[in-house]
Amino acid sequence: CEQVLTGHTSAVRSVAGVDAQTIISGSRDGTVRVWVKGDDGEFACEHVLTGHTVWVLSVAVLDAGTIISGGEDRTVRVWVKGVDGVWACAQVLTGHTWGVNSVAVLDARTIISGSHDRTVRVWEL
């Protein structure tokens, strides 16, 4: 193990790599964290994204400036990095009737989500 990243206050449910410099993680603490590699070669938490009202169950990367999260709150959230470097929730996608267990990217404009409600949804951004 080269490094242990700490900061979440509950179990980490999902991780994804944006690129060699950035990692995202989703946790039962309801947050998505963006970890960035510093000049010293170590990852540190750069942003804590809040908005899910309960557990974040899944995270995925659309591109270097867009990440997706799915939560127990039945929402899929699209997070966008602004020109100022600050991440913000750009869209909240609703429709699932149970928690969103999985999110993935289909192509540059389409994401998919799977839920405990036994459905897969296809979303065009």
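Since the structure is predicted, the reported quantities are computational estimates derived from the model, not experimental observations.

Another aspect to go through is the sheet that holds strand β11 (residues 120-124). The antiparallel open sheet is built from three strands, whose spatial order is β9-β10-β11. Strand pairing shows two members of the sheet lacking a second neighbour, β9 (100-107) and β11, which therefore form its edges. For this sheet, the mean angle separating the axes of adjacent strands, direction not counted, is 20°. Bridge analysis of strand β10 (residues 110-115) against β11 gives five bridges, and the strand direction is antiparallel. Bridge pairing in β11 links I111 to W123.

Moving on: the confidence of the model for the chain. Low-confidence regions, as indicated by low pLDDT, have predicted coordinates that should not be scrutinised in detail. Confidence in the prediction for the chain averages 96 pLDDT; 100% of positions are at 70 or higher. By mean pLDDT, strand β1 (residues 12-19) is the weakest element of the chain at 95, and β10 is the strongest at 98.

Here the focus is the sheet that holds strand β2 (residues 22-27). Read across the sheet, four strands follow the order β1-β2-β3-β4 without closing on themselves; strand pairing throughout is antiparallel. Bordering the open sheet on either side are β1 and β4 (43-49), each of which pairs with just one other strand. Direction aside, the axes of adjacent strands within the sheet are offset by 25° on average. Here five bridges tie β2 to strand β3 (residues 32-37), and the two strands are oriented antiparallel to one another. In the sheet register, T22 faces β3, and the bridge partner there is V36.

The rules behind each value
- Residues numbered from 1 in each chain as written.
- Predicted model: local features only at pLDDT ≥ 70, side-chain atom pairs only at ≥ 80, totals over all residues.
- Heavy atoms only, no water.
- Pairing = 2+ DSSP bridges.
- Helix = DSSP H or I, 4+ residues; strand = E, 2+ residues; numbered from the N terminus.
- Axes fitted to C-alpha atoms, helices over the stretch in contact; angles between N-to-C directions.
- pLDDT = per-residue confidence, 0-100.

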